[in-house]
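# Coordinates in review
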Amino acid sequence: MKISFKLKLILSYVFVILVSFGFIAFFLDKNLEENSLHNIQASLINQAYLVENQFTAENIKKEDIAHLESLITTLSGKIKCRITVINNLGKVLADSEKSQKEIPEMENHLYRPEVKMALASEVGIDTRYSSTLKLDMLYVALPIKENKELIGVIRLALPLESVEKTLNEIRKTILFGLIFALALAFVLGSIIAAQTIRPINRMIQVSRRFSKGDFSRRIMQVSKDEIGELAATLNKMAQDIEDKIKEVKTQNQKLAAIFNSMIEGVIVIDKAGYIISVNPTIEKIFSILRKDVEGKVFLEAIRNNDIAEVISAALKSGKSVSSEIALIYPVHRIFEVNATPIFDNNVISGCLVVVHDITEIRRLETVRSDFVANVSHELKTPLTSIKGFVETLLEGALGDKENNRNFLKIVHDHAERLDNLVNDLLSLSHLESKEIMLKKTNFNLKQQVEGVISGFRSQLKKKDIEIKNELPVSISVAADKNRLEQVVTNLIDNAIKFNKEKGFVRIYGEEINGKIKITVEDSGIGIPEKDILRIFERFYRVDKARSRELGGTGLGLSIVKHIVELHSGSVGVESTEGFGSKFWFILPR
Ligand code: ADP
């Protein structure tokens, strides 16, 4: 049973009051009763002595009833108590409460204890219920002697009514006092309990908020006692917890920010192989949602056996395990997976899997080795030819008047191809080195293109190709003039090279969203769809033999792309095989 603090306090007050009042009442009652009885006895004895002096032995011996009667009536009227005169045989001679007629009917008093004692020459005292008067009475009896001869007894009796009355008064007062004290205890108990409980209740309320994680409130310190101290301690504790929580939160936020913004995919696994968390990169790589995979066994969530093996190896061995894996679905990529076990008190508690996309690194490695192979091949072809023709000349063809010039012409062409190739390679490597500084100026594009076109006059004439410079006069860009000239030259060169007889080339420009788009359109052979995506790669050519025959190196478009990107622009192509192509580049203004 839950007893409230208030009830407990009141009950303890009541207990203390009842016990102390009980003691007081008990002892006071007893003492007072004894004391007053004693006092009454003493005064009654004294009065008895005085009364005794009024009697003469003569009266008693003679049994002078009339005299005795009048004497005791007078005396009893004065001292307000009953007086009885008894002879030595116990016979009642006179009694202040009885008339003469009633006396003879009274029984013998010889065996009344006080009379018995008086007859033995002592002061006789007794308290008892008087059947005559129907009251509790105090009796005092004294012997009446004459020359040592005992001739009778004088007895004084006083009703104890007054003692009882006084005691009852006192008892009543004590009872009132008790009731008053109890009422006071109830009121005081309620007030003190309320005052004590109020701050405690407030503390309970605020503590409940603390337990729910709300630390916005503090307990008001009202008193400087133990309760106040408790409130201060709780406040301090709440502040400490709040600070700790804030610290942990900030740390968590930092960690979450790192976790979420990492380029590498991260998977946190527990020791049983269940996923605790994954970061957005993992969501992207495996086309999954964090909420769908958290709490699931790895293989159930991400069906990749290779990674699962790396994880279980790390969890088993307690050492970092790395592996390169190729992902085919949902995207074709190559990853380096690194699983590092996490230890908690020297026991493996899980592992951290970092998935690093190395597709680009591997691609660049392939591109590089392909490039070396391509360059070697491109250099070797003209060199072999040069070597062959020079050897032929040295072996005697030099004297062959008909062919020697022809041979030298071929050697010269191949040397020129080598020169072109080396020049293109040099400009490409220079463009790729990123150390390149663009000398940007504002110039009129239409005029510049006009200059470039004039360099192609003979080629245009040879194929009877019509060229139209449709760029608006007003168009001007801020770019590196020489490099942009290279871009335009390469594009126009291709547009002529891969054009048909009597074809056309159109150059036009437009402004789109504050950017300038320049297009070189031709009516040439076009590009097959499968080659379009790779056309800007180094050495990529649709028809190698044809390109070589036309003096191409396979690096022209690659150089175009690099230069435009150095200007923060972009390049593109639209083409239909057999119907011509549109090469365009966009530059910011
Ligand atoms: P090159 O012209 O030296 O061969 P490029 O890098 O300039 O090298 O071009 C790569 C390839 O793209 C060419 O070999 C050709 O197959 C194709 N190509 C480029 N421009 C055109 C064009 N205007 N029409 C058709 N094909 C083209």
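Residues numbered from 1 in each chain as written. Predicted model: local features only at pLDDT ≥ 70, side-chain atom pairs only at ≥ 80, totals over all residues. Heavy atoms only, no water.

Now for the sheet that holds strand E7 (residues 275–278). Sheets are built from strands that pair by backbone hydrogen bonding, the pairs being arranged parallel or antiparallel. Judged by pairing direction, the sheet is antiparallel, and its five strands sit side by side in the order E7-E6-E10-E9-E8 without closing on themselves. Only two strands of the sheet have a single partner each, and these edge strands are E7 and strand E8 (321–327). Across this sheet, the average inter-strand angle for adjacent strands is 20 degrees, counted without regard to direction. (Pairing = 2+ DSSP bridges. Helix = DSSP H or I, 4+ residues; strand = E, 2+ residues; numbered from the N terminus. Axes fitted to C-alpha atoms, helices over the stretch in contact; angles between N-to-C directions.)

Here the focus is the pattern of salt bridges. One pass over the full model with this rule turns up 28 salt bridges. Between Arg 82 and Asp 95 there is a salt bridge; the shortest N-O distance is 2.9 Å. Of this pair, Arg 82 sits in strand E1 (residues 82–87) while Asp 95 sits in strand E2 (residues 92–95), and the two are 13 residues apart along the sequence. Measuring nitrogen to oxygen at the nearest pair gives 2.6 Å for the salt bridge that ties Glu 324 to Arg 362. You can see Glu 324 sitting in strand E8 and its partner Arg 362 sitting in helix H11 (residues 359–394), a full 38 residues away along the chain. (Salt bridge = Lys/Arg side-chain N within 4 Å of Asp/Glu carboxyl O.)

Bringing the sheet that holds strand E4 (residues 135–146) into the picture now. Overall, antiparallel pairing links the five strands, which are arranged E2-E1-E5-E4-E3 in an open sheet. Among the strands making up the open sheet, the edge pair consists of E2 and strand E3 (124–130). Shown here is a sheet whose adjacent strand axes are inclined to one another by a mean of 25 degrees, direction ignored. Pairing geometry for E4 and strand E5 (residues 149–159), over ten bridges, is antiparallel. Each residue of the ladder has a partner; that of Ala 141, found in E5, is Arg 155.

The next point concerns the packing of aromatic side chains. Summed over all chains, the structure comprises six aromatic pairs. Ring geometry for Phe 23 versus Phe 27: centroids 6.1 Å apart, planes at 10 degrees, classification stacked. Placement of the pair is Phe 23 and Phe 27 together in helix H1 (residues 5–53), with a separation of four residues, close to one helical turn. On the basis of an interplanar angle of 35 degrees and a centroid distance of 5.5 Å, the ring pair of Phe 371 and Phe 539 is categorised as tilted. Of this pair, Phe 371 sits in helix H11 while Phe 539 sits in the loop between helix H16 (529–532) and helix H17 (544–549), and the two are 168 residues apart along the sequence. Classification of Phe 371 as partly exposed rests on a relative accessible area of 21%. Among the aromatic residues, those joined into a ring-pair cluster are Phe 23, Phe 26 and Phe 27. Its guanidinium or amino end placed over the ring of Phe 504, Lys 468 lies 5.8 Å from that ring's centre, counting from NZ or CZ. (Phe/Tyr/Trp six-rings, centres within 6.5 Å; stacked < 30°, edge-to-face > 60°. Buried < 20%, exposed > 50% of the residue type's maximum accessible area, 1.4 Å probe, protein only. Lys NZ or Arg CZ within 6 Å of the ring centre and 35° of its normal.)

Our next topic: a nonpolar patch on the surface. Where nonpolar side chains cluster on the molecular surface, the patch consists of Phe 15, Val 16, Val 19, Phe 23, Phe 26 and Phe 27 and spans about 640 Å² of accessible area. In this structure, Val 19 sits in helix H1. Under the relative-accessibility criterion, Val 19 is labelled partly exposed at 35%. (Patch = residues over 30% accessible without salt bridge, like charges linked within 9 Å, V, L, I, M, F, W, Y side chains within 5 Å. Areas by Shrake-Rupley, 256 points an atom, 1.4 Å probe, with all protein chains shown as cover.)

It is worth spelling out H1 at this point. The first and last C-alpha atoms of H1 sit 71 Å apart over 49 residues, in line with the 72 Å expected at 1.5 Å per residue. By the burial criterion, the buried members of H1 are Leu 9, Ile 10, Ile 17, Asp 29, Ile 40, Gln 41, Leu 44, Ile 45, Ala 48, Val 51 and Glu 52. Elements in contact with the buried residues of H1: helix H3 (65–79), E1, E3, E4, E5 and helix H5 (161–211). (Expected span 1.5 Å × (residues − 1). Contact = heavy atoms within 4.5 Å.)

For the rest of this paragraph, the subject is helix H15 (residues 481–497). Given 3.6 residues per helical turn, the α-helix brings residues three or four places apart onto the same face. Compared with an ideal rise of 1.5 Å per residue, which puts 17 residues at 24 Å, H15 spans 24 Å between its outermost C-alpha atoms and is within 8% of the ideal. Of all the residues in H15, the buried ones are Arg 483, Leu 484, Val 487, Val 488, Asn 490, Leu 491, Ile 492, Asn 494, Ala 495, Ile 496 and Lys 497. For H15, the side-chain oxygen to backbone nitrogen distance between the N-cap and Asn 482 is 3.3 Å, and the N-cap itself is Asp 480. (Polar contact = N/O pair within 3.5 Å; in protein donor to acceptor, adjacent residues only side chain to side chain.)

In the vicinity of the ligand there are 21 residues, among which Asn 494, Asp 522, Ser 547, Thr 553 and Leu 557 approach most closely. Note that an oxygen atom of the ligand is positioned 2.8 Å from one of the side-chain N or O atoms of Asn 494. Contact with the protein chains removes 98% of the 530 Å² of surface that the ligand exposes when unbound. Only H15, helix H18 (556–566) and strand E17 (580–588) provide two or more residues apiece to the shell around the ligand. Of all the elements, H15 adds the most residues to the shell around the ligand, at three residues. (Near = heavy atom within 4 Å.)

This next bit is on a negative patch on the surface. A cluster of acidic residues, Glu 33, Glu 34, Asp 136 and Glu 164, forms a negative patch on the protein surface. Of note, Glu 34 is situated in helix H1. Using a relative accessible area of 47% as the deciding quantity, one classes Glu 34 as partly exposed. (Lys, Arg positive; Asp, Glu negative; His and termini not counted. Charge placed at Lys NZ, Arg CZ, Asp CG, Glu CD.)

Now for the domain arrangement of the chain. Interface extent is often summarised as the accessible area lost during association of the parts. Taken as a whole, the chain is organised into domain 1 (7–166), domain 2 (217–261), domain 3 (262–357), domain 4 (362–430) and domain 5 (437–588). The interface of domain 4 with domain 5 comprises 14 residues on the first partner and twelve residues on the second. Surface buried jointly by domain 4 and domain 5 totals about 1,200 Å² across both partners, of which 61% is contributed by carbon and sulfur atoms. Here domain 4 is connected to domain 5 by one salt bridge. Joining domain 4 to domain 5, the criterion identifies two residue pairs in polar contact (both at pLDDT 80 or more). Those elements that place two or more of their residues in the side of domain 4 that touches domain 5 are H11 and helix H12 (404–432). Ranked by the residues each element gives to the side of domain 4 that touches domain 5, the list is headed by H12, at eight residues. (Domains from an automatic or database assignment. Buried area = accessible area lost by both parts, 1.4 Å probe.)

Moving on, we get to the nonpolar core. Grouped together as the largest cluster of nonpolar side chains are 48 residues, with contacts concentrated most on Leu 445, Ile 492, Ile 507 and Phe 585. A total of seven residues in this core trace back to one element, the largest contributor, which is H15. Taken domain by domain, this core gets at least three of its residues from each of domain 4 (362–430) and domain 5 (437–588). Those residues in contact with Leu 445, other than ones at most four positions away along the chain, are Leu 471, Ile 475, Val 477, Leu 484 and Ile 518. (Core = buried A, V, L, I, M, F, W, Y, C linked by side-chain atoms within 4.5 Å.)

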